[in-house]
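Here are the chains, one letter per residue:
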Amino acid sequence: GKSAWDIAKMYTDAYFKDLEALNIPFKDYTFPRATDHIPEQIALIRQLEEKGYTYQTTDGIYFDTSKFKEYADFAHLDVEGLKSGARVEENKEKRNITDFALWKFSPKDEKRQMEWESPWGKGFPGWHIECSAMAMKYLGHHFDIHTGGIDHIPVHHTNEIAQSECATGEKFVNYWMHNNFLNDTTGKMSKSGEDFLTLSTLIEKGYDPLSYRYFLLTAHYRKELSFSFEALDGASSAYKKLITWCTEHKTENGKVNQEYKQKFLESLYDDLGTPTCISLMHELLKDESVSNDDKYMTLMDMSAILGLNFHTAEKREVSVPEEVQQLLDARAIARIEKNYDESDRLRDEIDALGFIVKDTENGQEIINK
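Thresholds, definitions, all that
Counting from 1, residues in each chain are numbered in the order their sequence is written. The predicted nature of this model means local features are confined to residues of pLDDT at least 70 and side-chain atom pairs, given and counted, to a pLDDT of 80 or more, with totals for whole chains, interfaces and linings taken over all residues. Remark: hydrogens and water are excluded; side-chain values derive from all non-hydrogen atoms of the structure. When a carboxyl oxygen of Asp or Glu lies within 4 Å of a side-chain nitrogen of Lys or Arg, that pair is called a salt bridge. Segments assigned H or I by DSSP are reported as helices when at least four residues long, segments assigned E as strands when at least two residues long, and all are numbered from the N terminus. Should DSSP find at least two bridges between two strands, the strands are regarded as paired. Each residue is placed in one exposure class: buried if its accessible area under a 1.4 Å probe, protein chains only, is under 20% of its type's maximum, exposed if it is over 50%, and partly exposed if it falls in between. Buried residues of nine kinds, namely Ala, Val, Leu, Ile, Met, Phe, Trp, Tyr and Cys, make up a nonpolar core once their side-chain atoms join them within 4.5 Å. In this analysis, two residues are considered to be in contact whenever any of their non-hydrogen atoms come within 4.5 Å of each other.

**Q** Any chance you could break down the pattern of salt bridges for me, citing the residues and the numbers?
**A** Overall, the coordinates contain 17 salt bridges when judged by the stated rule. In this structure, the salt-bridge partner of Glu70 is Lys69, at a minimum N-O distance of 2.8 Å. Asp294 is the salt-bridge partner of Lys255, the closest N and O atoms lying 3.8 Å from each other. One end of the pair, Lys255, is in the loop between α8 (229-248) and α9 (258-269); the other, Asp294, is in helix α11 (residues 292-306), with 39 residues separating them in the sequence.

If you want it as structure tokens, here you go:
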């Protein structure tokens, strides 16, 4: 019963909430919405049309990829192989299998929730044009770094490059940084799969969002990462070890150890080598040649760069009201007696009071919701 606009807002709000939980700064940055930039997208399509890169079919305006000779280079595409391996019924009016829609016409006798007037008739932009139009508006015709998932390489990013460079005659991007997949035990985690997880799911299960951030940093962004709760528990334990050490050794007297700081930065400069950065933190804790005061200040410095917020560790320690503590004690007894129905009931009571209980090898852990 929701409109397309309602759904977009719902997921936008959830996205911003997750960014905040993961300590990803965002309030001072621009998050352009495609639906707010229809004029820019139309203008870019007109530009491509005037330069002879487009053609019209019965269902829309298409980009002719054969006119951009470098089209296959970025993703090392085998265009002939795509033709022979096509399993989906292709639009018979397309000149080439790789051609893509810049503007789609609205179906006749049907009112869409999202459609706009254009020089070619009422319709809506193709999937790729929005990114080029907004990037050019906010970053210019040529900019330094473009990120995205590896699944965007063969189609979306390839098409972005084609339409952008044909429109401007300039190189679009200097560096492409593609993130690899997060897999579950059965393979790539898909939004349509039963095992799909959201950050809110992890929070409901009692995990600190920054433990999940730490977990992600233990793998290089270009490498696949396998998710399991056992792996997340291991990362959470390692993260808490660092937090606990910092809480117990808080000081203002130390200084950043420059040898470790240099190794740390060199790892980051080497294509964001975060796994080495994480290893260096634990290596530092074991290094008896570095004073505890200097270890603390060095860890604070590293944590600030990786966004792990060691300096707020004390603030995240939970103050448990007496009423909640009584429920926790009763639940511990219920679990010893294997009265799991009562245990679940008490968990729900604790949840209603604003706390989440997580069962660990060391007993119950509790965090604020």
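The structure having been displayed, the exposition proceeds.
**Q** Tell me about the pairing of strand β2 (residues 60-63), and name the residues and values.
**A** Across four bridges, the pairing between strand β1 (residues 54-57) and β2 is antiparallel. Paired with Tyr55 across the two strands is Tyr62, which belongs to β2.

**Q** Explain the environment of Ala304 residue by residue, including any values.
**A** Here Ala304 shows up in helix α11. Residue class for Ala304 comes out exposed when judged on its relative accessible area of 56%. The sequence separation of Ala304 and Lys69 amounts to 235 residues, and the corresponding C-alpha distance is 45 Å.

**Q** Give a description of the nonpolar core that names residues and reports values.
**A** Counting 38 residues, the largest nonpolar core has Leu299, Leu306, Leu308 and Phe310 as its most contacted members. Only α6 (199-204), α7 (209-217), α8, α9, α10 (274-286) and α11 provide two or more residues apiece to this core. Of all the elements, α8 adds the most residues to this core, at eight residues. If sequence neighbours within four positions are ignored, Leu306 has contacts with Arg213, Leu217, Phe264, Leu268, Thr274, Cys277, Ile278 and Met281. Counting 32 residues, the second largest nonpolar core, distinct from the first, contains Phe68, Leu102, Ile161 and Cys166.

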